[in-house]
Amino acid sequence: MSHKQAGGPPGESAVDWCLYQLNGAAEFEVSEADIISTVEFNHTGELLATGDKGGRVVIFQREPESKNEPYNQGEYNVYSTFQSHEPEFDYLKSLEIEEKINKIKWLPQQNAAHSLLSTNDKTIKLWKITERDKRPEGYNLKDEEGKLKDLSTVTSLQVPVLKPMDLMVEVTPRRIFANGHTYHVNSISVNSDCETYMSADDLRINLWHLAITDRSFNIVDIKPANMEDLTEVITASEFHPHHCNLFVYSSSKGSLRLCDMRASALCDKHSKLYEEPEDPSNRSFFSEIISSVSDVKFSHSGRYMLTRDYLTVKVWDLNMETKPVETYQVHDYLRSKLCSLYENDCIFDKFECAWNGSDSVIMTGAYNNFFRMFDRNTKRDVTLEASRESSKPRAILKPRRVCVGGKRRKDDISVDSLDFTKKILHTAWHPTENIIAIAATNNLYIFQDKVNSEMH
Amino acid sequence: MLGRGLKRKLSDYEENMAGLSSRQLVLNMCLTKLQTYKMLVEPNLHRSVLIANTVRQQESNCCDLRSVEDPIENSLLIVSDDDMSSAISSILKDLDFVEDISPPTCLVPTGDDQPKFSENTGLKLEDDRQDLKGAECVFGSFEISNSTSYLKDLAIDDIFEDIDTSMYDSDFCCPPLMPPRPPSLATEEPLKTFPSCNSSSASNIQICRTDLSELDHIMEILVGS
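Basis of the calculations
- Residues numbered from 1 in each chain as written.
- Chains lettered and ligands numbered in written order.
- Predicted model: local features only at pLDDT ≥ 70, side-chain atom pairs only at ≥ 80, totals over all residues.
- Heavy atoms only, no water.
- Helix = DSSP H or I, 4+ residues; strand = E, 2+ residues; numbered from the N terminus.
- Buried < 20%, exposed > 50% of the residue type's maximum accessible area, 1.4 Å probe, protein only.
- Contact = heavy atoms within 4.5 Å.
- Areas by Shrake-Rupley, 256 points an atom, 1.4 Å probe, with all protein chains shown as cover.
- Pairing = 2+ DSSP bridges.
- Axes fitted to C-alpha atoms, helices over the stretch in contact; angles between N-to-C directions.
- pLDDT = per-residue confidence, 0-100.
- Core = buried A, V, L, I, M, F, W, Y, C linked by side-chain atoms within 4.5 Å.
- Polar contact = N/O pair within 3.5 Å; in protein donor to acceptor, adjacent residues only side chain to side chain.
- Phe/Tyr/Trp six-rings, centres within 6.5 Å; stacked < 30°, edge-to-face > 60°.

Trainee: What's the story with the overall build of chain B in this structure? I'm lost.
Mentor: Scanning chain B for helices and strands turns up nine helices and zero strands. Secondary structure of chain B in N-to-C order comes out as α-α-α-α-α-α-α-α-α. Expressed as a percentage of its 225 residues, the buried residues of chain B come to 42%. Excluding contacts between residues fewer than 6 apart, the proportion of contacts in chain B whose partners are at least 24 apart in sequence is 85%. Roughly 12300 Å² of accessible area belongs to chain B as shown, and the carbon and sulfur atoms make up 58% of that amount.

Listed below in structure tokens is the structure:
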């Protein structure tokens, strides 16, 4: 096993990360429903939404800075909690449809209200979040409790006035996009035109208009005429951040397809196919399984795409289809353990990946509650841990290291001691600042750049 | 099957990785997983496809190596490969049948495709019948496909001679003995629309047959057999 990944000095980060806050119950109190299944910042970073296996969405809002309470600045407090999806039963197929929230995507804010899309395996819902902090008082026909007044007591007319009240956050379901998918929805993505969005399942991708729920257009269909011929499924998809006609989808065979909706109504033919030929020296029984792309994200610039497969993250240039421009090893020490990971199904874990605001650093999760960051400019990488024990508030996170034999330093963890039940699948990076949200089972960790937090 | 994430000594497995026995180990695991998924109400399509591909890849490797290996071992491998192929075929077929039977409601194809919609309905119905036919032929044990073959074998009229079955008559209750459409016709399908009212026709056929088999069962009880 080469030491180039885990050997050498522990990775250093240009940024000092420290735990800002931790939400969630202690681990012995975890119920399955509390497990966080998705994390997403909105476009300004003011709001952070999480979805869980119980179908609930929790929205956190960042406290505005104020000189009065210096220690609360920048803290994300619970803004609203609501039940997005309930478990359903499909009577025709005798199947239960899980209420687990697979993905949340925010719509760009167009007025005082915030809107987001949340989806489970089958149904996508559009939620509108509004604030109410005033209420009218002084009605002519109703008294303060809302009961009708006796008209004989009304001697003069008054104009109702708006009086302040305690802030109330109201969440209402504005649209329900149902019955669009036969297979399990794995991604949703809002178009830059702010009018349409797409949803992708294992075999098909649909285009919806945000205002129309009884109709959607099928834009990709990879279902073969004979299911016996099925060898590839869609694993993730996303719209280009600037070009409303372009989107990408990834497959279980490790390829990316960039499609142009102007070319035809049905985008089964890709405009570009991004595929790296397999390295024959790394070939194993599990080569195909570990090449399956679990997440794809466009960079903020729109020039690059980031993909995550089981052992690596790769940066692709839209202009180069033959291979990625950068490849980073997330946990190459697992390459010799693939058989065991196949046996316990860990090889099928779907890790997400994220860009920072300036597209200079990429982040992804791993096992043992570790997460990794790769600086594209300095080529440095770091492994950090999201755990209660090793995260004192405001203390800088210490880089972690996995040793694979050879010299073992203090605080190193050996590969065989890794806890594969503690996996960080869902991570998100604030759109502009160095603030990251990490979901570890039922806990939400928010880490901030030490410099960032000290400024506030 | 081990629990998820259970820590165990990895060295034992890794030692076995060398040589042909490792291939057998992996194939055994694949078969176990496929069988387990088959028992699930709703198998995971992504995983099933990945496992199926892994097995297929091993099969093609095996063909290359077959001439070199011990003939006895060959025959053992061949048997398990056939089982695997059948298992994969049946699982993928089952998935298709289970998943696509549910018609989405109120779905309309894109505007300029409207005039071709009715023509498409006919084609889709033929495809569904072909899928049914395929499901019947396969190794796997899927309840609905079993009942269709059961009904084919019986002379329905004989059973219900003295019973008024007019309420069970339906336009769709013709035997599914149509010759399978040639694959080229399926690929000529010009448009991809949602299987809306098309698969509800297919499900009507199933509901008809289920009713008839239930009636038969009731008759048996009444007759006291």
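Trainee: Help me understand the sheet that holds strand β31 (residues 435-440) of chain A, please; the structure alone is not making it clear to me.
Mentor: One key point about sheets: their strands pair by backbone hydrogen bonds, in either a parallel or an antiparallel sense. Residues and elements named next belong to chain A. With antiparallel pairing, the four strands of this open sheet are ordered in space as β1-β32-β31-β30. Each of the sheet's edge strands pairs with one partner strand only, and the pair in question is β1 (17-23) and β30 (426-429). For this sheet, the mean inter-axis angle between neighbouring strands, taken without regard to orientation, is 20°. Where β31 lies against strand β32 (residues 443-449), six bridges are found, and the strand directions are antiparallel. Of the residues in β32, the one forming a bridge with A440 is N443.

Trainee: Help me understand the confidence of the model for chain B in this model?
Mentor: Caution applies to low-pLDDT parts of the model: their predicted coordinates are not meant to be read in detail. All names here are of chain B. Residues with a pLDDT of 70 or more make up 24% of chain B, whose mean pLDDT is 55. Confidence, expressed as mean pLDDT per element, reaches its minimum in chain B at helix α5 (residues 117-137) with 37 and its maximum at helix α3 (residues 45-65) with 84. Taken as a whole, residues 101-154 scores under 50 in pLDDT and shows 95 contacts with residues more than four places along the chain or in a different chain. A low-confidence stretch, residues 171-205 (pLDDT under 50), is modelled with 62 contacts involving residues beyond four sequence positions or located in other chains. Scored as a whole, the predicted complex attains pTM 0.73, and scored at its interfaces, ipTM 0.87.

Trainee: Explanation requested: the pairing of strand β12 (residues 187-190) of chain A in the structure shown.
Mentor: Every other side chain in a regular strand lies on the same face of the sheet, so the side chains alternate between the two faces. All names here are of chain A. The side-chain alternation of β12 yields two buried faces, one formed by S187 and S189 and the other by I188 and V190. Relative to strand β13 (residues 196-200), β12 runs antiparallel, the two being bridged by four bridges. Looking at β13, one finds that S187 is bridged to A200. Where β12 hands over to β13, the hairpin turn is made up of five residues, of which C194 adopts a positive phi near 60°.

Trainee: Is there a simple way to explain the nonpolar core in this structure?
Mentor: In a soluble, globular protein the nonpolar side chains are often hidden away together inside. If you look at the biggest cluster of nonpolar residues, it comprises 44 residues, and the most contacted ones within it are F286, Y310, L334, Y342 and I347 of chain A. Those elements that place two or more of their residues in this core are α1 (287-291), β21 (304-308), β22 (312-317), α2 (338-343), β24 (353-355) and β26 (370-375) of chain A together with α2 (20-39) and α3 of chain B. Once you skip the residues sitting within four places of it in the chain, Y310 of chain A turns out to touch I290, S292, H331, L334, L338, L341, C346, I347, D349, F351 and Y367 of chain A. Core analysis: the next-biggest nonpolar cluster, separate from the first, contains 19 residues, A354, L384, I438 and A440 of chain A among them.

Trainee: What should I look at first to understand the side chain of R400 of chain A in this one?
Mentor: Residues and elements named next belong to chain A. Of note, R400 is situated in the loop between β27 (381-385) and β28 (402-403). Look at R400 and you get buried, because its relative accessible area is 16%. Reaching out from R400, the side chain makes a polar contact with the backbone oxygen of D411 at a distance of 3.2 Å. Look past the residues within four positions of R400 in its chain and what remains in contact with it is F370, T383, L384, E385, D411 and I413.

Trainee: Would you mind showing me how to read the packing of aromatic side chains here?
Mentor: Pairs of aromatic rings are described using the distance from one ring centre to the other and the angle between the two planes. All names here are of chain A. Within the structure shown, the criterion is met by 19 aromatic pairs over all chains. With a centroid separation of 5.1 Å and an interplanar angle of 75°, the aromatic rings of F177 and Y197 are classed as edge-to-face. You can see F177 sitting in strand β11 (residues 161-177) and its partner Y197 sitting in strand β13, a full 20 residues away along the chain. Accessibility classification places F177 together with Y197 in one group, the buried group. For the ring pair Y445 and F447, a centre distance of 5.8 Å and an interplane angle of 5° mean the geometry is stacked. Of the two residues, Y445 and F447, neither departs from the other in class, the shared state being buried. Site record: aromatic cluster; members linked through ring pairs are F285, F286, Y342 and F348.

Trainee: Could you clarify how one ought to interpret the environment of Y37 of chain B in this entry?
Mentor: Structurally, Y37 of chain B is set in helix α2. Sequence spacing of Y37 of chain B and S60 of chain B is 23 residues, and the spatial spacing of their C-alpha atoms is 24 Å. Once you skip the residues sitting within four places of it in the chain, Y37 of chain B turns out to touch D345 and F348 of chain A together with P43, R47, S48 and I51 of chain B.

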